[in-house]
Every structure is written in C-alpha cells, then in structure tokens.
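Read off the chains here:
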Amino acid sequence: MTAEIYKNITERRSITKVLDEPVERTAIERILTAACWAPSHYRTYPWRFTVFEGEGRHALAEAMAMGAADRHDGSPSEKEEKAAMMYQKAFRAPVIITVHAAVGRSKFKNPPTWEDIAATCAASQNLLLAASAEGLGAIWRTGDVVNYPTVQELLKLDVQAGDTILGYVYVGHPDPEADQPLRPAPKVNDFVTYIS
Ligand SMILES: Cc1cc2nc3c(=O)[nH]c(=O)nc-3n(C[C@H](O)[C@H](O)[C@H](O)COP(=O)(O)O)c2cc1C
C-alpha cells in the first residue's frame, strides 16, 4: 500500500495530448471524490468543481472567448482573432474541470482566505493523482483566463468574498502516440533544511 502511493505520486505527469473521446462519468466521479478528501482548516471544504464535457464545453468556450476579447486592446478584428483562439482552447480535452475556492462560507469559523485557497490546491493535486491512477491524462492549466470576469460569472463566483479560480484541469484518455513526458527525480536536499 505504501509503495503504491509513492508510485502514483512519481508516475503522475501533466498530460497535454489526449484523445477526443468521452471519459466515463463514473471515473470522473471517482476522481472528484478523491479531490474532496483533501484537508481543510476548520473543515470548510472550500473546493468547488464544474465539469464541462461534450457539448457543455461550448459554455466555457464562450465565456473564455468573451473574456479574451474584453481584455484585448487591439482592433475589432484582432479581438475577434484572439476570441476565436481562446474558444478553441476549451476543446483541447473531452472534459474540463474548473476548480475554484469558495472562501469564507462556514457558519462557524473561517480561516484566512489563503488557507481556503491552499486547501483547494490540495484538492487539485488529489484530482491529478486520482486521474493518473485511473490511467487518465490530466493537466492543470491557468493563465489570464482564470481571472476573466466572464468565466467568474459563469461559475457564479462571489469575487467580493474572495472566491478564486485556481485552474482548469483538462482530462481525457492519453494519446498512445504521444511522447511520454519525462521529469528528472528531484534532488530533495535542494529543497529541505533539517534542524536537529
Ligand atoms: C498552479 C499550476 C498552474 C499550471 N499552469 C499551467 C499552464 O497554464 N499551462 C501548462 O502547460 N501547464 C501548467 N501547469 C502544469 C506544469 O507545467 C507542470 O506541472 C510542470 O511542467 C511539471 O510537470 P509534471 O506535472 O508532469 O510533473 C501548471 C501547474 C500548476 C501547479
């Protein structure tokens, strides 16, 4: 059991090339359940997920495209071009799961905003690890797009309260033709200080 978790952690890679084939809903439910087992201070469970799949991706694509056009300073045709490019990005995988933190929602006690955001990042890592364990390809993507008001509105964020989109996780069956992404093993001592 112990060996399995290390194998899962080290073998997970960000997968960009996935097939344009649906992913079983049961697998999506399992990886989302794994995400929800993340720790959170005061048990606020701040993570929120929105799953865009199949035709549902058009709603996200629309919001991303409008956001890109609004943000762009160029001519109307340049804005249109930027919007079209952004629209396509929502179709890079059959399933896109947006991840956001809903902060300050507890009726009892709330931690500082950053802690709800940190807990949601922990949930995102659970999601990636579970997807990898399922044999699915997944990648956490961010960029300007996570701050577009059009996307925040679509996901019904309470921005005033501090709700924050942490990223879009693209999920699909890995393309068997694609190169396996490699990553050198970390030199752990570069990152650690022991004080004995
Ligand atoms: C907060 C966060 C944001 C990321 N945003 C992007 C992104 O916008 N585009 C991208 O290609 N990869 C993104 N990644 C994935 C990293 O590129 C990837 O984790 C890194 O290259 C290490 O590769 P590995 O995940 O396979 O170990 C992001 C990862 C994290 C944790």
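Residues numbered from 1 in each chain as written. Predicted model: local features only at pLDDT ≥ 70, side-chain atom pairs only at ≥ 80, totals over all residues. Heavy atoms only, no water.

Draft legend 1. Examining the site of the ligand more closely. Contacts to the ligand come from R12, R13, S14, I139, W140, R141, T142 and R183. In the model, an oxygen atom of the ligand is placed 2.9 Å from a nitrogen or oxygen of the R12 side chain. A distance of 3.4 Å separates an oxygen atom of the ligand from a polar atom in the side chain of R141. Out of a free accessible area of 620 Å², the ligand has 54% covered by protein chains. Tallied by class, residues from the shell around the ligand come to two nonpolar, two polar and four charged. (Near = heavy atom within 4 Å. Polar contact = N/O pair within 3.5 Å; in protein donor to acceptor, adjacent residues only side chain to side chain. Areas by Shrake-Rupley, 256 points an atom, 1.4 Å probe, with all protein chains shown as cover. Nonpolar A, V, L, I, M, F, W, Y, C, P; charged D, E, K, R; others polar.)

Draft legend 2. Seen up close, helix α5 (residues 113-133). Relative to the 30 Å expected for 21 residues at 1.5 Å per residue, α5 spans 31 Å between its end C-alpha atoms, a close match to the ideal helical length. Inspection of α5 places E115, D116, A119, T120, A123, S124, L127, L128, L129, A130 and A131 among the buried residues, and these make up the whole buried set. Its buried side turned inward, α5 meets α1 (2-11), α2 (25-35), β1 (47-53), β2 (95-101), β3 (137-141) and β4 (164-172). Remark: G135 follows α5 within two positions and exhibits a positive phi of approximately 80°. (Helix = DSSP H or I, 4+ residues; strand = E, 2+ residues; numbered from the N terminus. Expected span 1.5 Å × (residues − 1). Buried < 20%, exposed > 50% of the residue type's maximum accessible area, 1.4 Å probe, protein only. Contact = heavy atoms within 4.5 Å.)

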